[in-house]
Amino acid sequence: MSVAPSQLLNRQIPEELAVMLRRRGVEPSQAWLCVETDLNLAGQFERVFLLVFERRLIVAGMAWGDQSRLIRIDLPRDNITQVRTRGGVGGGFLEAVVSGIAVDFMTFSNGLADTFAKVARKLNDWCENKPVSVGIEDDYNPRKCPVCGMTLQFPGDVCRRCAKQGAVLWRVIKLMKPYSAKATLMMLFVLFGIALSLVPPKLTQYLIDKVLTPVLSDDGAARSDAIKWLIMLVAALLGVYVLGMVVTMIRGLLSSFVGTQISFDMRARVFDHITKLGISYHDRYSPGQLMTRISGDTAALRGFVDQLTSGFLAQLITVVAVGVIMFSLSWKLTLYTLAPAPLVIASAVFFYARVRPRYSRIWDAQSKLSGVLSTILSGIRVVKAFGQELHERNRFTGSSEHLQNSERNVEYAVWKFTPAMGLLFQLGSIIVWFVGGKDVLDSQLTLGELIAFLGYLGMFYAPLGTLTQLTTWLTSFLTAAQRTFEILDTRPDVDSSENAKSVEAQGAITFKNVTFGYNRHEPILRDVSFKIKPGEHIGIVGKSGCGKTTLVNLISRFYDTDRGQVLIDGEEIRNLNVDDLRRSIGVVLQEPFLFRGTISANITYGQHNATPEQIITSAKAANAHDFIARLPLGYDTYIGERGAGLSGGERQRISIARALLFDPKVLILDEATSNVDTESEKLIQDALVRITSGRTTIAIAHRLSTLKNCDRIFVMDRGSIIEHGSHEELMEQKGLYYRLVKIQTELSSEPSIDVLTAEDEEEKEKNAKKRKTKS
Amino acid sequence: MTHTIQEPETLPIDPTQIRFLTPDMCQIHLGAHDALHVTVKNERIYGGVYATRIFPVGHPGKFISLIYIGPDGKETEVGIIRELEEFPEKAVQLIQESLQRRYLVRNISKINKVGLKYGFIAFEVVTDKGPSEFFMYWQHDKAHDYGVNGKVLLDVDDNRYMIADIDQLSAREKADFQRFIYW
Ligand SMILES: Nc1ncnc2c1ncn2[C@@H]1O[C@H](COP(=O)(O)OP(=O)(O)OP(=O)(O)O)[C@@H](O)[C@H]1O
Ligand SMILES: [Mg+2]
């Protein structure tokens, strides 16, 4: 069989079906579109085919046995007016409007969502009798890895299947590279310290064999010799202790330096990376979760360095060194000592496998707890307003209990395991006592050698005991490191391309057939095209949820389009430097966000070196100056988290001032004055007209009167711009805009928006007259 | 621009009022092209309707909303069925079919193998719709709680797999599962 020219034209249908089709008078090879899905409409796995011919559409399934149900749908083109996809839960539908009724054609699982989105588009063109074709170019899908076909998390993501990931431990060690000189020195001191600690038992051996034994067993002749030895030994011991102190001190200082430095570096890297990650990443992870990651997980790296110097690595080296010395003292005793070792290793491995998942659960419980806490605390006003303190306390206690349980779960296991290990080692030393004691009695070993051996035995077992905890520590450390690297490995979905151009935008904005959705099934924006000239004032109206905010988000490139292009000054924004792009766009977000800090710091947020004159100018334009000036501390008033202490309208006005001070070429006002009273709104409007002349302005508003002065108004409905034109033109069209205006004026019990303006003017005239008469 | 402005249908439905559908006021049946239809007495026939659970986790068998899709793609709720059992058998069957269509969730009945592969969690499972293998990202947002003891897993393609009650798994399966999905 020949290779299909495209996924959308895979005519390799089962023979059975081909026969059926021919019997109906259609030749399968005539189909210009032929796709297969993995599910039938009942949600069962089944091969279902869609075949589209010049003037006919057929859906056929391949259920075994039931011949009569092969052909599911067979319709002439003229009956179908529209084809679209609709999302279900875990999959989607290809849906068509047939004689005015929405009919489900096919179901597909999410893996095929992109394919069917394409199918729907082609079929729509087909219904409208536009030329359509299917080709290899339709197979290109930016959400799939071009090498292995694995679905990527977002277009352009690194395919995890194809990318090799370095071992976590190795990556951590590489982090120390910039401080390799200090780290090496540190490790030398560690070795030196260990060597020093090996000396005292050896001195004990000499004390017994050269000083005590001869004196006890002999006459006066040995005594003077013994004194000489004693003095030498004491001096040596003193020397070892003093040197040991110095070494420990230097080692400690070095490890503290390297450790804090590494965790500092890591915090910086993770923070940088998290702030670089796109909005879609932050849509997925709560601030609470990310906070634990930045502060908690990077601290674990610090622990790693401590473990190198005084923890497990040092212990491991000690064990080896001590083992070698013990071996040279008595290989026989050493073998007895090691008898319990296989048992220890086996149980440690078993324990490791058991405890690892429980450790992850502790971490999860911690991050959930901080998530709950941050939600409750940031929503404390709502909590109090609804009197839900008790409920929230229960919620908190629940999470807190979960943490307690997870911690106990691990620690109980550890405390059952560790003492048992201890006992195993003690069994080893009991053997040494017995065998070694007998050797001394048989004169195969001197007393000094046995005592020294027992001294080394203590040094051997103590770290071995802690080494059994190595696994637990290593697990928790590796999980933390892994989570940190997971963040660092996430590629920002909106990334400046290599040869990104830096721009000084003029403010022309073009959308070319832009389609975008937060998930793949349901485009929020559908095929939106428009051109905005530099300096033009555009208003956007439309029902709540129709995609207005989404549209302006694309201009700032908070998200990338699925299809189509967004151009600024004729250049596609993907080719522009993101920072430059955002610097030329000022946004007043729908939900004004103020940081903890002074009002002036909030206004100068994007322009830190602004002069007081500039601050006042923009505050005046935003009609914020008057209320700020009335505050006891004026612009230096400190405001709390999220602007606590200010009214909703005051917050909005500060964020308008912030955007104005930013002095952008393009100003986006998303419901910027929705919380402001009508009178101040009017003032702000007038100021904006003054300030924004020459700037491209896009204003979204529900209160239509706000948009009267716009050059053009875009009317959006369910993701499309359905009308555009000036206020007057749109009123003449008597479309959606006209209806919206009518509803609003009815609500305000005024016959029309024009009357409102007219009245405004009348009033002004009256006032002016009054003033004249007064003077 | 090529948008045709469609005068939206005006439906005799007040969207601000809750309306419970009962068997004596409406009929659920198939109409043209096997699309689900609802005929509300003294109101009109709604053709091209689908059913959706509004409390899929809290009250999975109750509160089913019937949503009418207009020719322009606009979705409007016709009403809510509080107790499906009240309806005649045929209607119940139609509603169930519509729900099955919408909820493409595979119920995992057995986990044969779980492991890490290329940094993904790789599952080999048996589902109510046949055996299946899938990869999922090892991320918190890819496994949600379902009810008290259940989990819903999202694979790399966002397909859904459900384990209704983790305690129903065998001890080995549960241990294997929780080694990776520990949250
Ligand atoms: N981050 C997101 N993830 C998924 N869906 C989203 C997200 N943000 C918005 N949506 C959905 O996209 C649609 C359009 O949202 P958008 O914010 O653009 O509406 P809008 O026109 O600005 O409405 P409003 O006038 O209420 O502000 C809505 O249905 C919304 O539920
Ligand atoms: Mg909005």
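Residues numbered from 1 in each chain as written. Chains lettered and ligands numbered in written order. Predicted model: local features only at pLDDT ≥ 70, side-chain atom pairs only at ≥ 80, totals over all residues. Heavy atoms only, no water.

Engineer: What am I meant to see in the site of ligand 1 here?
Structural biologist: Residue and element names in this part refer to chain A. Near ligand 1 there are 13 residues, and of these S544, K548, T549, T550 and Q590 occur at the shortest range. A distance of 2.5 Å separates an oxygen atom of ligand 1 from a polar side-chain atom of T549. Take H702: an N or O atom from its side chain is 3.0 Å from an oxygen atom of ligand 1. Look at ligand 1: alone it shows 640 Å² of surface, and the protein chains cover 64% of it. In terms of residues, the shell around ligand 1 owes the most to one element, helix 16 (residues 548-555), which gives 3 residues. Along the lines of polarity and charge, the residues of the shell around ligand 1 split into 4 nonpolar, 7 polar and 2 charged. (Near = heavy atom within 4 Å. Polar contact = N/O pair within 3.5 Å; in protein donor to acceptor, adjacent residues only side chain to side chain. Areas by Shrake-Rupley, 256 points an atom, 1.4 Å probe, with all protein chains shown as cover. Helix = DSSP H or I, 4+ residues; strand = E, 2+ residues; numbered from the N terminus. Nonpolar A, V, L, I, M, F, W, Y, C, P; charged D, E, K, R; others polar.)

Engineer: What exactly am I supposed to notice about the packing of aromatic side chains here?
Structural biologist: What characterises a pair of aromatic rings is the spacing of the ring centres plus the angle enclosed by the ring planes. Considering all chains together, one arrives at 17 aromatic pairs over all chains under this definition. Relative to F116 of chain A, the ring of F108 of chain A has its centre 4.6 Å away and its plane inclined at 5 degrees; by these criteria the two rings are stacked. Ring plane angle 50 degrees and centroid distance 5.5 Å describe the contact between F120 of chain B and F135 of chain B, whose orientation is recorded as tilted. Taken together, the residues F120 of chain B in strand 9 (residues 120-127) and F135 of chain B in strand 10 (residues 130-137) connect sequence positions 15 residues apart. The class of F120 of chain B is buried, set by a relative accessible area of 1%. Overall, the relative accessible area of 18% leaves F135 of chain B in the buried class. (Phe/Tyr/Trp six-rings, centres within 6.5 Å; stacked < 30°, edge-to-face > 60°. Buried < 20%, exposed > 50% of the residue type's maximum accessible area, 1.4 Å probe, protein only.)

Engineer: I would appreciate a short explanation of the confidence of the model for chain A in the present structure.
Structural biologist: Detailed reading of predicted coordinates is not advised where the pLDDT is low. Put simply, chain A has an average pLDDT of 81, and 89% of its residues get 70 or more. For residues 750-759 of chain A, every residue scores under 50 in pLDDT, and the model assigns this stretch 13 contacts once sequence neighbours within four places are set aside. (pLDDT = per-residue confidence, 0-100. Contact = heavy atoms within 4.5 Å.)

Engineer: Where do I start with the coordination of the magnesium ion (ligand 2) in this structure?
Structural biologist: When a metal carries six donors in an octahedron, the ideal angles between them are 90 or 180 degrees, while four donors in a tetrahedron ideally lie at 109.5 degrees. Residues and elements named next belong to chain A. Here the magnesium ion (ligand 2) is held by the protein donor atoms T549 (OG1) and Q590 (OE1), which lie 1.8 to 2.3 Å from it. Of this pair, T549 sits in helix 16 while Q590 sits in the loop between strand 13 (585-588) and strand 14 (597-598), and the two are 41 residues apart along the sequence. Since its relative accessible area comes to 28%, T549 is described here as partly exposed. Take Q590: its relative accessible area is 36%, and that puts it in the partly exposed class. (Donors = N, O, S within 2.8 Å, 3.2 Å for Na, K, Ca; no water.)

Engineer: Got a minute to help me understand the sheet that holds strand 9 (residues 525-532) of chain A in this structure?
Structural biologist: Backbone hydrogen bonds hold the strands of a sheet together, and the pairing may be parallel or antiparallel. Residue and element names in this part refer to chain A. Strand order in the open sheet formed by 4 strands is 9-8-11-12, and the pairing between neighbours is antiparallel. With one partner strand each, in any of the chains shown, strand 9 and strand 12 (571-572) form the two edges of the open sheet. Pairing geometry for strand 11 (residues 563-568) and strand 12, over 2 bridges, is antiparallel. Opposite I568, over in strand 12, you have E571 as the bridge partner. Running over the sheet, helix 16 touches strand 8 (509-516), strand 9 and strand 11 and is turned about 120 degrees from strand 8. (Pairing = 2+ DSSP bridges. Axes fitted to C-alpha atoms, helices over the stretch in contact; angles between N-to-C directions.)

Engineer: Can you help me understand the side chain of D670 of chain A in this one?
Structural biologist: All names here are of chain A. Mapped onto the fold, D670 is located in strand 16 (residues 666-670). Buried and without a salt bridge, D670 has K548 as its closest oppositely charged side chain, separated by 6.9 Å. Side-chain polar atoms of D670 contact the side chain of T549, separated by 2.8 Å. Excluding its chain neighbours within four sequence positions, the residues that come into contact with D670 are T549, V552, V588, L589, Q590 and I700. (Lys, Arg positive; Asp, Glu negative; His and termini not counted. Salt bridge = Lys/Arg side-chain N within 4 Å of Asp/Glu carboxyl O.)

Engineer: How should unusual backbone geometry be read in this particular structure?
Structural biologist: Outside of glycine, negative phi angles account for most residues, and trans bonds account for most peptide bonds. In this structure, S99 of chain A is a non-glycine residue whose phi angle is positive, near 45 degrees. Topologically, S99 of chain A is positioned in the loop between strand 6 (91-98) and strand 7 (101-109). The exposed category is assigned to S99 of chain A, whose relative accessible area is 54%. Backbone geometry places D34 of chain B, a non-glycine residue, at a positive phi of 60 degrees.

Engineer: How should the environment of D686 of chain A be read in this particular structure?
Structural biologist: By the element assignment, D686 of chain A lies in helix 22 (residues 678-691). A sequence separation of 23 residues divides D686 of chain A from N709 of chain A, and the C-alpha atoms of the two residues are 9.7 Å apart.

Engineer: Whenever I open this one, the interface of chain B and chain A confuses me. Can you help?
Structural biologist: Where interface size is quoted, it is often the accessible area lost as the parts come together. Between chain B and chain A, the contact holds 46 residues from the first and 62 residues from the second. Across the chain B to chain A interface the summed buried area is about 4800 Å²; carbon plus sulfur atoms make up 54%. Here chain B is connected to chain A by 2 salt bridges. R101 of chain B is the partner of D104 of chain A in a salt bridge, and the nearest nitrogen-oxygen pair spans 3.0 Å. Our enumeration of links across chain B and chain A arrives at 8 residue pairs in polar contact (both at pLDDT 80 or more). Contributing elements (two or more residues each) for the side of chain B that touches chain A: helix 1 (89-102), strand 8 (105-117), strand 10 and helix 2 (171-180) of chain B. Among the elements that make up the side of chain B that touches chain A, the one with the highest residue count is helix 1 of chain B (3 residues). For the side of chain B that touches chain A, the per-class residue count stands at 19 nonpolar, 13 polar and 14 charged. (Buried area = accessible area lost by both parts, 1.4 Å probe.)

Engineer: How should the sheet that holds strand 17 (residues 696-700) of chain A be read in this particular structure?
Structural biologist: Residues and elements named next belong to chain A. One open sheet accounts for 6 strands, arranged 13-16-17-10-18-19; its pairing is mixed. Here the strands that pair on one side only, and so sit at the sheet edges, are strand 13 and strand 19 (720-725). For this sheet, the mean inter-axis angle between neighbouring strands, taken without regard to orientation, is 15 degrees.

Engineer: Explain the pairing of strand 11 (residues 143-146) of chain B here, please?
Structural biologist: Each regular strand displays side chains that alternate between the two surfaces of the sheet. Residue and element names in this part refer to chain B. The sheet contact formed by strand 11 and strand 12 (residues 150-154) spans 4 bridges and is antiparallel. Bridge pairing in strand 12 links Y146 to G150. Where strand 11 folds back on strand 12, the antiparallel hairpin that results is connected by 3 residues, among which G147 adopts a positive phi of roughly 60 degrees.

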